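# Structural characterization, general
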Amino acid sequence: MPATGGPRPAVVPARRLAEHLVGGRSVAAGGARTLQLVDPATGGAAGELVPADDDEVAAAVDAADGARAAWRRTAPGERAAALRAAAAAVRADADELGALLTATTGRLLGQARASAEVAAELLEEAAVTGVLDTGRSLGGAVDAVDVVRREPRGVVAVLTPWNDPYPAAAGLLAAALVTGNTVVHKPSERSARPGLELGRRIAAALPDGVLSVLVGDGETGAALVADPRVHVVAHVGSTATGRRIAAVAGARGGRVLLENGGKDALVVDEGVDPAWAAQQVALGAFTNTGQLCTAVERVYVHEAVADAVLAELVELAEGLRTGDPADPGTTLGPLVDERQLDLVAEHVGEAVAAGARLLAGGARVDRAGCFYPATVLDGCTPAMRLMTEETFGPVAAVTRVASFAEGLDRADAGAYGLAATVLTPSQAHALEAAERLEVGTVKVNAVFGGAPGGSADPRRGSGQGRGFGPDLLGELTALKAVHLEAAPTS
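Residues numbered from 1 in each chain as written. Predicted model: local features only at pLDDT ≥ 70, side-chain atom pairs only at ≥ 80, totals over all residues. Heavy atoms only, no water.

Once that is clear, we can look at the overall build of the protein chain. In terms of helices and strands, the protein chain carries 14 helices and 23 strands. Whereas a compact globule of 490 residues would reach a radius of gyration of roughly 23 Å, the protein chain reaches 24 Å, a difference of no more than 12%. Counting every position in the protein chain, which comprises 490 residues, the buried fraction comes to 51%. Restricting to contacts in the protein chain with at least 6 residues of sequence separation, those with at least 24 account for 72%. Looking at the protein chain as shown, the accessible area adds up to about 19500 Å², and 54% of this sits on carbon and sulfur atoms. Side-chain charges in the protein chain split into 43 positive and 60 negative, and the spacing between the mean points of these groups amounts to 5 Å. (Helix = DSSP H or I, 4+ residues; strand = E, 2+ residues; numbered from the N terminus. Rg over C-alpha atoms; globule rule 2.2 N^0.38 Å. Buried < 20%, exposed > 50% of the residue type's maximum accessible area, 1.4 Å probe, protein only. Contact = heavy atoms within 4.5 Å. Areas by Shrake-Rupley, 256 points an atom, 1.4 Å probe, with all protein chains shown as cover. Lys, Arg positive; Asp, Glu negative; His and termini not counted. Charge placed at Lys NZ, Arg CZ, Asp CG, Glu CD.)

Given below as structure tokens:
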């Protein structure tokens, strides 16, 4: 596979990240622990991070709890205006935010900048939809007024991942803030600085204390989830972490929203154009080096078109250019760190040992950094970890099926139910897939895309609650019925 050469210029110098955003100001971190950070594109040191300790978590929750009475009484239009101002600030700094994300996680620079733009769009969307549904009136007695009010739930903890941190955070923050909640946000330690800088721009448009951002790891998140003053925990990340969050928050009566792991399937029907189908598979499996929650991780191809689709897919995989994610010519960046690289290599190695045929990639790229090539395997079976556990790497794991129905059956099996894609020229098969697949999102003939405002419930191990769209606003508000009659006159 082609690789770019030459030394990589430092985008962000190695330095210490030892601050939080609490109560509207930067606060020096005082925790005793440190985490070492690594540049995924070079494998070199990228500084260290000081996670928030229990006292700093408590201080952030104090700020949110203290600000919530005034913020909930702020007019919805004023809250929406604040989000529009925050969106403008994020959009104005999209280049800087994109470069920071590239330097931190290895995401391709163009994609990283675009993700900052998406964050701005989500803030703007919530500024519109968040003020439309504030309750409803009921048909009661003619001499009384009956209404149902939507009210904020209180303090919301938002815990977000490293792989697409700007949109993941912005969607949840916007929905929580526009509905009158206050927020403590903890981004992943793998993308802590991007999360802090995004939060800084949003918080600047808000009253002090309405949004705080804590730099930290799992211990920091655990302390935040356990705080009884946190009314809602919204988490995007692994299934294992989501289940621990649900157990802790649920035990104290907290509300939990989870968008967790996925093992998304793509079914290729007979009669499709092989080149187009291969392009869709490659887009789903290799974008962001496979590190997306809705990445394609399982591919079920009708045997009538399998040879042709695989030939096209191998050509696409081998044509990707691995290298510096800040180089515009790079089309496949690094994995986020050595830990993720090891996991991808393990899954692929086990599958090959169990009988899968390696058609492209399959070995670590010979260069510094956390690089793994676009990989295509044929003959994958349900017993392989590659087909049952999240791989989160640039791997297209293919199984041939005898019919579209078999493809749907296999796609719908397993522990997860986040999303699935079908490629088919048959309208009947498209409608069948929409009905049968028990996942949050079904995509027909497009692996990515969809109109703004969609809402979905992830199934099985992929989580619970609506994590996006207008229905997310309902998850972050509580309903109160109010009955009003006039007092009798004397």
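This part covers a negative patch on the surface. Taken together, D273, E312, E315 and E318 make up a surface patch of like negative charges. As for its position among the elements, E312 is in helix 10 (residues 306-319). (Patch = residues over 30% accessible without salt bridge, like charges linked within 9 Å, V, L, I, M, F, W, Y side chains within 5 Å. Salt bridge = Lys/Arg side-chain N within 4 Å of Asp/Glu carboxyl O.)

We now examine the packing of aromatic side chains. All chains considered together, the criterion is met by one aromatic pair. With centroids separated by 5.7 Å and ring planes inclined at 85 degrees, the aromatic side chains of W162 and F392 adopt a geometry described as edge-to-face. Taken together, the positions of W162 in the loop between strand 8 (155-160) and helix 5 (165-178) and F392 in the loop between strand 16 (375-378) and strand 17 (395-401) put the pair 230 residues apart, joining distant regions of the chain. According to the relative accessible area criterion, W162 is buried, its value standing at 9%. Between R367 and the ring centre of F371, over which it is positioned, the NZ or CZ distance is 4.6 Å. (Phe/Tyr/Trp six-rings, centres within 6.5 Å; stacked < 30°, edge-to-face > 60°. Lys NZ or Arg CZ within 6 Å of the ring centre and 35° of its normal.)

Let us look at the pattern of salt bridges. Enumeration over the complete set of coordinates arrives at 37 salt bridges. Put simply, D65 and R68 hold a salt bridge, and the shortest N to O gap is 3.0 Å. Of the two residues, D65 and R68 are both situated in helix 1 (residues 54-72); the distance of three residues between them amounts to about one turn of the helix. The closest approach of N and O atoms between R190 and D337, which form a salt bridge, is 2.8 Å. Here D337 lies in the loop between helix 10 and helix 11 (338-353) and R190 lies in the loop between strand 9 (182-187) and helix 6 (192-203), a separation of 147 residues in the sequence. A relative accessible area of 15% means that D337 is categorised as buried. One network of salt bridges, in which partners are shared, links E19, D93, E96, E197, R200 and R201.

Turning next to the sheet that holds strand 5 (residues 45-49). Spatial ordering of the open sheet is given by 1-5-4, a layout of three strands whose pairing is mixed. Sheet topology places strand 1 (15-17) and strand 4 (35-38) at the edges, where each strand pairs with a single neighbour. Along the sheet, successive strands turn relative to each other by an average axial angle of 30 degrees, direction set aside. For strand 1 and strand 5, the ladder comprises three bridges, and the chain directions are parallel. (Pairing = 2+ DSSP bridges. Axes fitted to C-alpha atoms, helices over the stretch in contact; angles between N-to-C directions.)

Attention now moves to the environment of R107. Mapped onto the fold, R107 is located in the loop between helix 3 (94-105) and helix 4 (109-129). Distance from R107 to Q291, taken between C-alpha atoms, is 9.3 Å for residues 184 residues apart in sequence. What R107 contacts, discounting residues up to four positions off in sequence, is L101, T102, A112, S115, N163, D164, N288, L292 and P325. A polar contact is formed between the side chain of R107 and the side chain of D164, at a distance of 2.7 Å. (Polar contact = N/O pair within 3.5 Å; in protein donor to acceptor, adjacent residues only side chain to side chain.)

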